[in-house]
2 protein chains.
Amino acid sequence: MTGASTTDRGLPNATVARLPLYLRALTQLRATGSATCSSDQLAEATGVSSANVRKDLSHLGSHGTRGVGYDVAHLQAEIAQAIGQTQEWNVVLVGAGHLGKALAAYPGFASRGSRIVAVVDADPKRLGEQVVDGLVIESADDLDEIVRDRAVSIAILATPTHAAQDVADRLVAAGVTSILNFAPVALRVPDGVDVRQVDVAAELQILAYHEQRKSSPREEAVSG
Amino acid sequence: MTGASTTDRGLPNATVARLPLYLRALTQLRATGSATCSSDQLAEATGVSSANVRKDLSHLGSHGTRGVGYDVAHLQAEIAQAIGQTQEWNVVLVGAGHLGKALAAYPGFASRGSRIVAVVDADPKRLGEQVVDGLVIESADDLDEIVRDRAVSIAILATPTHAAQDVADRLVAAGVTSILNFAPVALRVPDGVDVRQVDVAAELQILAYHEQRKSSPREEAVSG
């Protein structure tokens, strides 16, 4: 994933990456009527160590109460505010192939403060095709207008690899300042534009690396 | 992403995560006829800082030659071996919805040592449906048999959220030791089974967090 390891002010990216997990867990706890919870409960629910849970929450200024734990509703509100969920973010999805359609239908965007307001694709034959309820494919030619008129600041890039950089350039020129990139290429963007990359093939290779080590337990450790 | 920050032997996960990026860049360099390359070239091509490039490669025992740089073919072979790409890995894809179909068609798996050998889905109406060339949907009931007969060690989990843990349990029971999980839930697996999680909604929330900070530059820094 691209990006510096810490933000120059505010929360470390590692903490920011985990906050949505706590938020999901807290939402579920509220739904089951829990008023308080412990760091162990959040750890269990999210797969994060208790130590990291407490560290992350202390970054928000939340330290829990000895013997009681954390107030679920209060913590949920704090986290939601910290990660910008108090504001709705309009998102444009570029690329309506299988991946784009999967992302358009992805559960949970709407409940977490982001909303896809447009889906564009370069294929003229697909104009008007419905992607999900309320969203039809619009022309990539209209991208600039869409970004401006619908106050889009975040784009999801699910285009073919060869098109990714060009599309990124157009998005940035139109005013988008955050891109979630699924194409396996490092995008070049100006300062002030954030890119997070999901590289599925790299994820698989990391797993393959660990698989290899499982079958070669006596492999000499690589000196570093 | 789940997992400890370092492996107890061998390469740090952060390095492992970046090696596929170098591999891709080196493949492209070879294709254009370059015999050597600098850390700056790899940095430019991958979006990784030159310092991290050099640090990562030194973990492999590669230090480059002053004034010359790295030997492209040699480095490519070293990285391929380090990340287990000298062995083909058989992968089962569980879940053939939009996301599953996008993953089945994802460019680059085959060229990087992983090959999807089966696609299963729980929907009986979809048995036999072609996903991509050579792959048709098979029954989730046959999962155990598929994993054993086709020597599968890695699974990609692209099921609905509610089904993810059950499917993970079955995969592990059948002998899978690595799971790439796209469902937004922390999977519980025994020691010895690796899970890497891609949480798309969390990625979007991280971007939203940074977007919020852009519009509130005078926001008081959160004390930690």
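Residues numbered from 1 in each chain as written. Chains lettered and ligands numbered in written order. Predicted model: local features only at pLDDT ≥ 70, side-chain atom pairs only at ≥ 80, totals over all residues. Heavy atoms only, no water.

## Considerations on the sheet that holds strand β8 (residues 178-181) of chain A
All names here are of chain A.
Next up, step 1: A sheet is described by the order of its strands in space; here seven strands give the open sequence β5-β6-β4-β3-β7-β8-β9, paired in mixed fashion. The open sheet has two edge strands with one neighbour each: β5 (130-132) and β9 (194-197). The mean angle between the axes of side-by-side strands here comes to 30 degrees, regardless of whether they run parallel or antiparallel.
Next up, step 2: Relative to strand β6 (residues 135-139), strand β4 (residues 114-121) runs parallel, the two being bridged by three bridges. The residue bridging Asp121 from the neighbouring strand is Ser139, located in β6.
Next up, step 3: Strands β3 (89-94), β7 (152-157) and β8 of the sheet are contacted by helix α7 (residues 164-174), whose axis makes an angle of about 175 degrees with β7. (Pairing = 2+ DSSP bridges. Helix = DSSP H or I, 4+ residues; strand = E, 2+ residues; numbered from the N terminus. Axes fitted to C-alpha atoms, helices over the stretch in contact; angles between N-to-C directions. Contact = heavy atoms within 4.5 Å.)

## Focus: the sheet that holds strand β9 (residues 194-197) of chain B
All names here are of chain B.
Next up, step 1: Taken in spatial order, the seven strands make up an open sheet running β5-β6-β4-β3-β7-β8-β9, and their pairing is mixed. Of all the strands in the sheet, the pair left with one neighbour each is β5 (130-132) and β9. Averaged over neighbouring strand pairs, the angle between their axes works out to 30 degrees when direction is ignored.
Next up, step 2: Lying over the sheet, helix α7 (residues 164-174) contacts β3 (89-94), β7 (152-157) and β8 (178-181), oriented at roughly 175 degrees with respect to β7.

## Comments concerning the relation of the copies chain A and chain B
Next up, step 1: When chain A is fitted to chain B, the residual RMSD is 0.1 Å, and the transformation amounts to a turn of 180 degrees plus an axial shift of 0.0 Å. Expressed as a symmetry operation, the mapping of one chain copy onto the other fits a two-fold axis.
Next up, step 2: Comparing contact sets, 99% of the residues at the interface of chain A also lie at the interface in chain B, consistent with an isologous, same-surface contact. (Least-squares fit on C-alpha atoms with pLDDT ≥ 70 in both.)

## Quick notes on the confidence of the model for chain A
Residue and element names in this part refer to chain A.
Next up, step 1: Averaged over every residue, the pLDDT of chain A is 85; residues scoring 70 or more account for 88%.
Next up, step 2: Looking at the elements of chain A, mean pLDDT is at its lowest for helix α8 (residues 200-215), recorded as 80, and at its highest for α7, recorded as 96.
Next up, step 3: Low pLDDT, under 50, characterises residues 1-8; the stretch is placed with 13 contacts to residues that sit more than four places away or in other chains.
Next up, step 4: pLDDT under 50 marks residues 218-224. Its contacts with residues more than four places away, or in other chains, come to twelve contacts.
Next up, step 5: In the predicted assembly, ipTM is 0.74 and pTM is 0.75. (pLDDT = per-residue confidence, 0-100.)

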